[in-house]
Amino acid sequence: MIQVDNATSQSLALSERSFTKFAQFITSELGIKMPAGKMSMLQSRLLRRLKHLGIASLEEYQEYLFTSPCAEQERVHFIDAVTTNKTDFFRESEHFTYLMRHALPELDPDIRNGRGEPRRWPFKLWCAGCSTGEEPYTQAMVLSEFGEVRRGFEFKILATDVSTRVLEHAELGIYDEDRVAVVPDSYRKKYLLKSKSTDHGQVRITPELRSKVYFNRLNFMDEDYKVRDMFDVVFHRNVLIYFDKPTQEAVINKLCKNLKPGGYLFVGHSESLSGLKVPLVSVSTAVFRKVK
Ligand SMILES: C[S@@+](CC[C@H](N)C(=O)[O-])C[C@H]1O[C@@H](n2cnc3c(N)ncnc32)[C@H](O)[C@@H]1O
């Protein structure tokens, strides 16, 4: 057991004043709400960072984060520490069924009008808030499957997040075996490789599937997302819950600028757009379409 003397435990405690300063910074930088109930979570996440840096108190860390010459560099690590990155392969799996059975056929011009007019592929999907990559790789598997039955279908996926740590993990595409247990057997055979370069018990996404996904850092609080593509589908799941209503409305409207008319937006099952002024209509549980 680690013995912590009184003075040490006091310097490691997050005072209300310090919490307020960190919380204001998190909300203005990332849009993430930080009510007082998050104080102990924030404290424990920051203490890991203190330990790593060899800094003795949270007050000292605050100076390091806001005023030291390393401040800008440290903010990248701070963002990694304070974002919640929980995700899974095939999370809220009804959405992938909906994508396959409804959205893709509906957006396919040849299937829809049967006239064989020029295709508008590649199909473009934006995974906005992609965390460690499980979500965009699930999407890539589902779109590849669609391509097996729909000749000529091509796709690409833009996957963005604000945390550089999760993006590095996502780009590598290496996961523990237990993380991929939910991936259907037939998909595992096609899209996952036993990793030779890493310890036993890990798999890697195949290079072909990885080549379909482009990762980029993007903060939803930015005024201009500087994304030039127009997308058929945007997934923005389990991110809105961290934002207040005005921020949700601003973010959804900015995402909609890059969603084609008639394109689909998926949000998390526990998220709602009710009361937001956005150019979308509800078509299924947590699925919306941009008005044409
Ligand atoms: C809980 S995860 C959800 C991941 C995935 N969409 C899913 O549903 O499984 C939320 C992600 O949103 C990212 N995030 C939070 N605030 C953000 C912001 N302001 N800009 C961009 N990404 C943000 C976090 O870094 C995190 O990876």
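Residues numbered from 1 in each chain as written. Predicted model: local features only at pLDDT ≥ 70, side-chain atom pairs only at ≥ 80, totals over all residues. Heavy atoms only, no water.

### Some details on unusual backbone geometry
The backbone of Glu92 shows a phi angle near 50°, a positive value even though the residue is not glycine. Its place among the elements puts Glu92 in the loop between α5 (71–82) and α6 (94–107). For Glu92, a relative accessible area of 19% translates into the label buried. You will see that Lys226, though not glycine, has its phi angle at about 55°, which is positive. When you line up the elements, Lys226 lands in the loop between β6 (213–217) and β7 (231–236). Relative accessible area serves as the criterion here: at 62%, Lys226 is assigned to the exposed category. (Helix = DSSP H or I, 4+ residues; strand = E, 2+ residues; numbered from the N terminus. Buried < 20%, exposed > 50% of the residue type's maximum accessible area, 1.4 Å probe, protein only.)

### Observations concerning the packing of helix α3 (residues 39–53) against α5
Taken N-terminus to C-terminus, the directions of α3 and α5 make an angle of 140°; their axes are 9 Å apart at the nearest point. With respect to α5, the element α3 is oriented oblique. Remark: the crossing between α3 and α5 carries right-handed chirality. Contact with α3, carried on its side by Leu42, Arg45, Leu46, Arg49 and Leu53, involves Glu74, His77, Phe78, Ala81 and Val82 of α5 and no other residues of that element. Classifying every residue of the contact of α3 with α5 by side-chain character gives six nonpolar, one polar and three charged. (Axes fitted to C-alpha atoms, helices over the stretch in contact; angles between N-to-C directions. Parallel < 35°, antiparallel > 145°, perpendicular 65-115°, else oblique. Left-handed = near helix turned anticlockwise from the far one by under 90°. Contact = heavy atoms within 4.5 Å. Nonpolar A, V, L, I, M, F, W, Y, C, P; charged D, E, K, R; others polar.)

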